[in-house]
Amino acid sequence: MAFEGLADRLQSTIKKITGKGKVSEQDVKEMTREVRLALLEADVNFKVVKQLIARIKERAIGQEVMESLTPGQQVIKVVKDELTQLMGGEQSKIAVADRSPTVIMMVGLQGAGKTTTTGKLANHLRKKHNRNPLLVACDVYRPAAIKQLETLGTQLDMPVFSMGTEVNPVDIAHKAIEQAKEDHRDYVIIDTAGRLHVDENLMDELQSIKNDVKPDEIFLVVDSMTGQDAVNVAESFNEQLDITGVVLTKLDGDTRGGAALSIKSVTDKPIKFAGMGEKLDQLEAFHPERMASRILG
Ligand code: GDP
């Protein structure tokens, strides 16, 4: 389960302060020191930790008195609020284009879970929003990726648009959207190529697709197990493509949680979904507040 170490540490820190009828400045300092260590150990970006701790200290020391809470509880509320804000505050929605179809471009490194998430997202849109997406196979370098998407399409009983490996991905994406219009499909989800590392050719190709299809959303799929690397990957994709949101995969694993807690503040782009397993129904809308509650117990 994700965040286990972080949750354990924060919860024991919090236990020490919860019942206190009076919280001294010294108590707050000790608490923030422990929170700081717990976050660093969970691989949260150190700049992010620094800013977060400064805000917690400022609010917890000079805090306004709320009658319904003990001072100890108030300090914890501050920590929870700040963790929630760190992960993006309000849960953000998925775009709907004024004119159908809404186009979503999925980007990310190979192995992050892009193709799986394309299938999961299509499933989510149909089940939760009553939509009928068209899936598009634009990874022309890996026939296996096209096959994988086609298999997902069969499992979901959903059409997959593919033109094999000989056609330029920009043309594939373009034609897919025309096809979606003809077939009255209201979402088009484009699965693009990944690489093992961020590289210029890949970014050029993704930019060309972006310029042509003008997507309503560009979702970056990142593997939460890769920690700080996930944050760096998010930073470079965002710089090059101006993504609109992030999907964090493999949060069902024993990730230390650093990526989830750093990505929003480093990229200023919301985490929209979390992958919680390999199955097609294991995608959840990402709720910062619920996640903060889960971490703090
Ligand atoms: P792509 O190369 O980015 O398209 O990655 P894939 O979609 O092929 O996924 C790579 C591997 O990660 C596959 O074995 C998936 O089943 C697995 N995977 C994807 N998302 C998740 C997730 O949320 N949790 C777990 N446990 N595995 C996942």
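Every value quoted in this text rests on a predicted model; they were computed, and no experiment measured them. (Residues numbered from 1 in each chain as written. Predicted model: local features only at pLDDT ≥ 70, side-chain atom pairs only at ≥ 80, totals over all residues. Heavy atoms only, no water.)

Novice: Describe the nonpolar core, listing the residues and the values that go with them.
Specialist: What tends to happen in soluble globular proteins is that the nonpolar side chains get buried as a cluster. L83, F237 and L261 are the most contacted members of the largest nonpolar core, which totals 74 residues. Every residue in contact with L83, bar those within four places of it in the chain, is listed here: L10, L39, L52, L261, A292, I295 and L296. With 22 residues, the next largest nonpolar core counts I94, L125, I146 and I189 among its residues. (Core = buried A, V, L, I, M, F, W, Y, C linked by side-chain atoms within 4.5 Å. Buried < 20%, exposed > 50% of the residue type's maximum accessible area, 1.4 Å probe, protein only. Contact = heavy atoms within 4.5 Å.)

Novice: An account of the sheet that holds strand β7 (residues 271-275) is requested, with residue identities and associated values reported.
Specialist: Read from one edge of the open sheet, eight strands run β3-β2-β4-β1-β5-β6-β7-β8, paired in mixed fashion. Edge positions in the sheet fall to β3 (160-161) and β8 (283-285), since each of these pairs with one other strand and no more. One ladder, built from three bridges, connects β7 with β8; its direction is antiparallel. Paired with F273 across the bridge in β8 is A285. Here helix α6 (residues 143-156) sits on the sheet in contact with β2 (133-137), β3 and β4 (187-191), set at roughly 160° to β2. (Pairing = 2+ DSSP bridges. Helix = DSSP H or I, 4+ residues; strand = E, 2+ residues; numbered from the N terminus. Axes fitted to C-alpha atoms, helices over the stretch in contact; angles between N-to-C directions.)

Novice: How would you explain the site of the ligand if you had to name every residue and give the values?
Specialist: Near the ligand, the surroundings consist of 18 residues, among which G111, K114, T116, D252 and E278 are the closest. A distance of 2.5 Å separates an oxygen atom of the ligand from a polar side-chain atom of T116. The backbone of G277 places a nitrogen or oxygen atom 3.3 Å from an oxygen atom of the ligand. Alone, the ligand offers 580 Å² of accessible surface; in the complex the protein occludes 80% of this. Considering each element in turn, the shell around the ligand owes the most residues, four residues, to helix α5 (residues 114-129). Residues belonging to the shell around the ligand are distributed by class as follows: three nonpolar, nine polar and six charged. (Near = heavy atom within 4 Å. Polar contact = N/O pair within 3.5 Å; in protein donor to acceptor, adjacent residues only side chain to side chain. Areas by Shrake-Rupley, 256 points an atom, 1.4 Å probe, with all protein chains shown as cover. Nonpolar A, V, L, I, M, F, W, Y, C, P; charged D, E, K, R; others polar.)

Novice: So, the side chain of T249: which residues are in play, and what are the values?
Specialist: Within the secondary structure, T249 sits in strand β6 (residues 245-249). When its relative accessible area of 4% is taken as the criterion, T249 is described as buried. Separated by 2.7 Å, the side chain of T249 and the backbone oxygen of A112 make a polar contact. Residues in contact with T249, not counting those within four places in the same chain, are A112, G113, T117, V221, V222, D223, S224 and G275.

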